[in-house]
There are 2 protein chains.
Amino acid sequence: LIRQRIGVPIELKRVADIDIQRNRGVTLPDGVLTKDTVSLLHDPDIDIIIELIGGIEPARSFILDAIKNRKHVVTANKALLSEHGHDLFRTAVHAGVDLAFEASVCGSIPIIRAVQEGFSADRIKSFLGIFNGTANYILSRMTSEGAAFEEALRDAQKKGFAEADPTLDIEGIDTLHKLCVLLSLAFGKRVHPRHIYTEGISKITPLDIEFSRELGYKIKLLAICRKSGNQVDARVHPTLIPEQHMLSRVEGTFNAVFVETEDAGPAMFYGRGAGMMPTASAVVADVISLARNITKGISQRIPLFSSEAAILQPIRIRPFKEIISRYYMRFSAVDKPGVLSKISGVLGRNHISIHSVVQKGRQTRGGSVPIFMLTHEAREADMQKALAQLDRLSLLRQKTMVIRIEDALPDA
Amino acid sequence: LIRQRIGVPIELKRVADIDIQRNRGVTLPDGVLTKDTVSLLHDPDIDIIIELIGGIEPARSFILDAIKNRKHVVTANKALLSEHGHDLFRTAVHAGVDLAFEASVCGSIPIIRAVQEGFSADRIKSFLGIFNGTANYILSRMTSEGAAFEEALRDAQKKGFAEADPTLDIEGIDTLHKLCVLLSLAFGKRVHPRHIYTEGISKITPLDIEFSRELGYKIKLLAICRKSGNQVDARVHPTLIPEQHMLSRVEGTFNAVFVETEDAGPAMFYGRGAGMMPTASAVVADVISLARNITKGISQRIPLFSSEAAILQPIRIRPFKEIISRYYMRFSAVDKPGVLSKISGVLGRNHISIHSVVQKGRQTRGGSVPIFMLTHEAREADMQKALAQLDRLSLLRQKTMVIRIEDALPDA
């Protein structure tokens, strides 16, 4: 198949790993499997290096070594790209080699190609992504079965959809890494993950999901990235989105990216974001793409970061406290008169106006009553001030739950 | 923007049209607008020709002339590509130039790139597409408002979503053209539209839509293309698809392609399939792609039809009568005893077994009663025999309405 699609065959020359004894169910010709990564990186017969180690080191040093030896690199390493992409790209430009990374964002969904080529004549205004299959599986289970977070997480771990330590997935860090890679491409600018607000899904309860549904919303862990003047509003957090929107239909371990451009309008890309074969499909597609360049004797046909030069400029991320959003709030209130008046007083003094309130009188453990509220648009800074004041009210038994709402999505 | 993304500017050298007097709201420098297409096609300063005439002639002759003059071509002409793509591609390969046609299928959705590059390491098993925004708008209106076909069509015409002569859109011909282009790419084979069964949406009634909804289905005009052994099951017709499936959520003038591959799994691409700016975005993206080749001094980096050589082999389309499908049927029956027994007798004799029947007793004009039926899987040949026999029954007042069902879609 590969020979037919390129015109020449691709030879798998060496595979380097720490453990070369373990049976992986794959038979390689003698001499292919090795522990000697350095000689592989320096082998003059090798044109393309595929890095599938993950994490920062030793992946970073290996890739830099490969680039300096004028080898093209394919990687699926979003953590590395989001933190050190700028340096890797600069080094690759200097060495005249290519770096391909389709598998780093949403596995088999060809979103990197879409941004670099499909929308090359267009300007991306925003993208919203469900980038993490583990978190989406957990939220889907909580939604379809009313499961608690811990229960849904255990189920995901049993099915192999979540790691023993699920922190990267459930706390939004994996989503953050992908957001950074895509943001750099979409806007041709440099960004570091530490500048982007990130919140995971571990505090979401079945109560939040149930009440959101009653209001016509689903809760999804979203990467949000939107141009706003000369700034970019970029963040990762659980989000209420209208049930009717296409993104709400993305269930289980699936990923999706909803992109809005100036000319092409809204578009969505949906598919398997992870897993052995979807990732392999994307990695080998990148190898084929590089091989097509090599057989033509060229490299760097597409500028890294999608555009020339702009690579060096950092981007202004809007400070999180300055974002404007509608909010979902859940209060755990003591069942006494005057609670609502106290809460609305705090909100009012912080310029947060209430859109709707529901108190169902249902008792939860500890004798507190849940009160649900949707606000009109408010500033994040005001919300944070209000939350600090609410946390000090003795009438509230727990920290107030806040989830941001995205309901001005195009073509819901 | 273009200069930044390629490294060099693109100059619009000439625009040729029959009518160069009409005000199109665009100002061009003196001497750019011309009626002299031939000198444009022969101008040695011109690298890329963009064909936006549509239809077969003179577009075909112009493109062949451009190719023979060693110019790269960008076209959005699906009618031409589906009928003469093979010849155009052969001529281009021989001349060493590229032919780019992202805008020919689903406008701004980069599905051509996804097939040529994103899934280049994979095998496509099937694709199902909502390829025509006009037909989808009409069906969406009929679904959301219970409008009759004629009413929804008039509304689409008033809004500029349908042409004065809407035949190409509503009879599935535009969808067929796009199916042929994508089929050739996906399977690397040659196909002619005349070999593919095509049926439009003009016979769908609000009754069909209402009853489908009660059963959990939506009616969409689908392009269906599925590998089946050494044949391809390819057809265009109105189709009942499960309401929960992602494709069911594609409303209004939007397009979508649902692709299933061996390794990457199911994927969906969604966006604006037509319109001035989405089409322009796709056309200019193709120009940028060709310019990136030209600046690197290469052409034909990606084999036309996605793979080498295979271009010459025709593909075996499964004869329509051999397809297997479940069916939705609506009978207009005289309200007399024994009707159902007669109908089921005809179906039984033709090996069609009934899954469920609903007769609501509601009278329609002319005193006939609608009877709705879903069948189990049956052969198309058997269904056509049964329909011919049913049409002769005096107990049935109108031709029986039949719509095929697709409910074994992956990851609904």
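Residues numbered from 1 in each chain as written. Chains lettered and ligands numbered in written order. Predicted model: local features only at pLDDT ≥ 70, side-chain atom pairs only at ≥ 80, totals over all residues. Heavy atoms only, no water.

Can you help me understand the overall build of chain A in this one?
On a plain count of helices and strands, chain A comes out with 13 helices and 16 strands. Scaling as 2.2 N^0.38, a compact globule of 412 residues should have a C-alpha radius of gyration of about 22 Å, and chain A matches this with 24 Å. With respect to the three principal axes, the spread of C-alpha positions in chain A is 80 × 45 × 35 Å. Expressed as a percentage of the 412 residues in chain A, the buried residues total 57%. Counting only carbon and sulfur atoms, one obtains 50% of the accessible surface of chain A, whose full area is about 17300 Å². For chain A, the distance from the average position of its 53 positive side-chain charges to the average position of its 47 negative side-chain charges is 4 Å. (Helix = DSSP H or I, 4+ residues; strand = E, 2+ residues; numbered from the N terminus. Rg over C-alpha atoms; globule rule 2.2 N^0.38 Å. Buried < 20%, exposed > 50% of the residue type's maximum accessible area, 1.4 Å probe, protein only. Areas by Shrake-Rupley, 256 points an atom, 1.4 Å probe, with all protein chains shown as cover. Lys, Arg positive; Asp, Glu negative; His and termini not counted. Charge placed at Lys NZ, Arg CZ, Asp CG, Glu CD.)

Please clarify how the confidence of the model for chain A should be interpreted in this entry.
Low-pLDDT portions of the prediction should not be read for the details of their coordinates. For chain A, mean pLDDT is 92; residues scoring 70 or higher make up 96% of the total. As a predicted assembly, this complex carries a pTM of 0.94 together with an ipTM value of 0.94. (pLDDT = per-residue confidence, 0-100.)

Help me understand the relation of the copies chain B and chain A in this model?
A rotation about some axis, followed by a shift along it, carries one copy of the chain onto the other. By a simple turn and slide, chain B fits onto chain A: the slide is 0.0 Å along the axis, the RMSD is 0.0 Å, and the turn is 180°. Here the transformation between the copies is reduced to the relation of a two-fold axis. Among all C-alpha atoms of chain B, that of Phe269 of chain B lies closest to the rotation axis, at 2.4 Å. Mapped onto chain A, 100% of the interface residues of chain B again fall at the interface, so both copies present the same surface. (Least-squares fit on C-alpha atoms with pLDDT ≥ 70 in both. Contact = heavy atoms within 4.5 Å.)

I keep staring at the packing of aromatic side chains and nothing clicks. Help me out?
The description of two aromatic rings rests on the distance between their centres and on the angle between their planes. Applying the stated criterion to the full structure yields 17 aromatic pairs over all chains. A ring pair is formed by Phe211 of chain A and Phe372 of chain A, whose centres lie 3.9 Å apart and whose planes are at 15°; its orientation type is stacked. Of the two residues, Phe211 of chain A sits in helix H10 (residues 206-214) while Phe372 of chain A sits in strand S14 (residues 368-375), which places them 161 residues apart along the sequence. Here Phe372 of chain A falls in the buried class, since its relative accessible area comes to 1%. Pairwise contacts between aromatic rings join Phe119 and Phe269 of chain A together with Phe119 and Phe269 of chain B into one cluster. (Phe/Tyr/Trp six-rings, centres within 6.5 Å; stacked < 30°, edge-to-face > 60°.)

Just checking my understanding: could you explain the pattern of salt bridges for this structure?
Opposite charge on two side chains permits them to pair, given that their charged atoms come into close proximity. Going through the model one piece at a time under the given rule, you end up with 46 salt bridges over all chains. Between Asp17 of chain A and Arg24 of chain A there is a salt bridge, with the nearest N and O atoms lying 2.8 Å from each other. You can call Asp17 of chain A partly exposed: its relative accessible area is 31%. Owing to a relative accessible area of 40%, Arg24 of chain A belongs among the partly exposed residues under this scheme. Lys399 of chain B serves as the salt-bridge partner of Asp391 of chain B, at 3.3 Å between the closest nitrogen and oxygen. On the basis of relative accessibility, which here comes to 36%, the residue Asp391 of chain B falls in the partly exposed class. (Salt bridge = Lys/Arg side-chain N within 4 Å of Asp/Glu carboxyl O.)

When you look at the sheet that holds strand S5 (residues 99-100) of chain A in this model, what are you seeing that I'm missing?
Adjacent strands of a sheet form backbone hydrogen bonds with each other and so pair up, either parallel or antiparallel. All names here are of chain A. The strand order across the open sheet formed by three strands is S3-S4-S5, and the pairing between neighbours is parallel. Looking along the sheet, the strands with just one partner apiece sit at the ends: strand S3 (48-51) and S5. Contacts between helix H3 (residues 59-68) and the sheet are confined to S3, strand S4 (72-75) and S5, with S4 contributing the most and set at about 155° to the helix. (Pairing = 2+ DSSP bridges. Axes fitted to C-alpha atoms, helices over the stretch in contact; angles between N-to-C directions.)

Would you mind going over the pairing of strand S16 (residues 401-405) of chain B with me for this structure?
Looking down a regular strand, the side chains alternate between one sheet face and the other. All names here are of chain B. The buried count for S16 comes to five of five residues, which makes it a mostly enclosed element. What you see with S16 is no split at all: Met401, Ile403 and Ile405 on one side and Val402 and Arg404 on the other are buried throughout. With two bridges connecting them, strand S9 (residues 231-242) and S16 associate as parallel partners. Paired with Thr239 across the two strands is Arg404, which belongs to S16. As defined by bridge partners, strand S12 (residues 324-334) adjoins S16 across five bridges and the pair is classed as antiparallel. Bridged to Tyr328 within S16 is Ile403.

Help me understand the nonpolar core, please; the structure alone is not making it clear to me.
Across soluble globular proteins, nonpolar side chains have a tendency to be buried as a group. Counting 160 residues, the largest nonpolar core has Ile111 and Leu183 of chain A together with Ile111 and Leu183 of chain B as the members making the most contacts within it. If near-sequence neighbours (up to four positions away) are discounted, Leu183 of chain A is found in contact with Phe127, Gly188, Val191, Ile196, Cys225, Val232, Ala234, Ile315 and Ile317 of chain A. (Core = buried A, V, L, I, M, F, W, Y, C linked by side-chain atoms within 4.5 Å.)

How do you make sense of the interface of chain B and chain A when you look at a structure like this?
Interface extent is often summarised as the accessible area lost during association of the parts. Facing 52 residues of chain B, the contacting portion of chain A comprises 52 residues. Across the chain B/chain A interface, buried area totals approximately 4900 Å², and carbon plus sulfur atoms make up 55% of it. The interface formed by chain B and chain A holds 21 residue pairs in polar contact (both at pLDDT 80 or more) in total. Only helix H1 (2-6), helix H5 (111-118), strand S10 (254-261), strand S11 (266-272) and helix H11 (276-296) of chain B provide two or more residues apiece to the side of chain B that touches chain A. Bridge analysis of strand S11 (residues 266-272) of chain A against S11 of chain B gives five bridges, and the strand direction is antiparallel. (Buried area = accessible area lost by both parts, 1.4 Å probe. Polar contact = N/O pair within 3.5 Å; in protein donor to acceptor, adjacent residues only side chain to side chain.)

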